[in-house]
Amino acid sequence: MTSKTETSEGAMAEYVTAVIGGQLFGLPISRVQDVFMPERLTRVPLASSEIAGVLNLRGRIVTVVDMRARLGLPKADDGKPPMAVGVDQRGESYGLLIDQIGEVLRLPDDSRQDNPVNLDPRMARLAGGVHRLDGQLMVVLDVDRVLELVPKTLAAA
């Protein structure tokens, strides 16, 4: 499955949209394995606050990343159960905890812009560009950057 298709209008990119802390994000559809409601999360002792826990999803152990913590946002207090977007990286399964899932959008690849200079730095370090939509900004999540969970001080050691 690819996230880019050629049409008469030019290259198109497909994104699964998600809302985190009121902000619209897009994940390249080629990186999304599934969408699920996480149940029975098991906390991981001594893990960073960005790791919500692990769970068993159809026989696979999935590490669940709290995207609110990853973005430096406060915990949700709306009482709604979180959703998760399943992604893989180097054979490992991850679930990205989000507030709500949106729709699949097909957008022209050439409408994607670099991160604006005024984009919140917490978002900018995880973003791979933005798309300006009617009345809102969709931040494109760079899944590889999102899953760089090792603190820089440990990675350099």
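Predicted, not measured: the structure shown is a model, and the values here were computed from it. Each chain carries its own residue numbering, running from 1 in the written order of its sequence. With pLDDT at 70 or above as the cut-off, local features in this predicted model cover only qualifying residues; side-chain atom pairs require 80 or more to be listed or tallied, and sums for whole chains, interfaces and linings still use all residues. With hydrogens and water excluded, all non-hydrogen atoms of the structure serve as input to the side-chain values.

## Comments concerning the pattern of salt bridges
It is possible for side chains of opposite charge to pair when their charged atoms get near one another. Heads up, the rule is: The term salt bridge refers to a pairing of a side-chain nitrogen on Lys or Arg with a carboxyl oxygen on Asp or Glu at a separation within 4 Å. Relative accessibility decides the category of a residue: with a 1.4 Å probe and only protein chains considered, values under 20% of the type maximum give buried, values over 50% give exposed, and everything between is partly exposed.
The final tally for this structure, using the stated rule, is nine salt bridges. Here aspartate 142 makes a salt bridge to arginine 145, at a shortest N to O gap of 3.3 Å. According to the relative accessible area criterion, aspartate 142 is partly exposed, its value standing at 22%.

## Section: unusual backbone geometry
Selection rule: For helices the rule is a DSSP run of H or I covering at least 4 residues; for strands it is a run of E covering at least 2, with both sets numbered from the N terminus onward.
Located in the positive-phi region is leucine 46, a residue other than glycine, with phi close to 65 degrees. Considering the arrangement of structural elements, one finds leucine 46 in the loop between strand 4 (32-36) and strand 5 (51-57). Leucine 46 sits in the exposed class, given a relative accessible area of 90%. The residue arginine 90 is not glycine, and still its phi comes out positive at about 50 degrees. Relative to the helices and strands, arginine 90 resides in the loop between strand 7 (83-89) and strand 8 (92-98).

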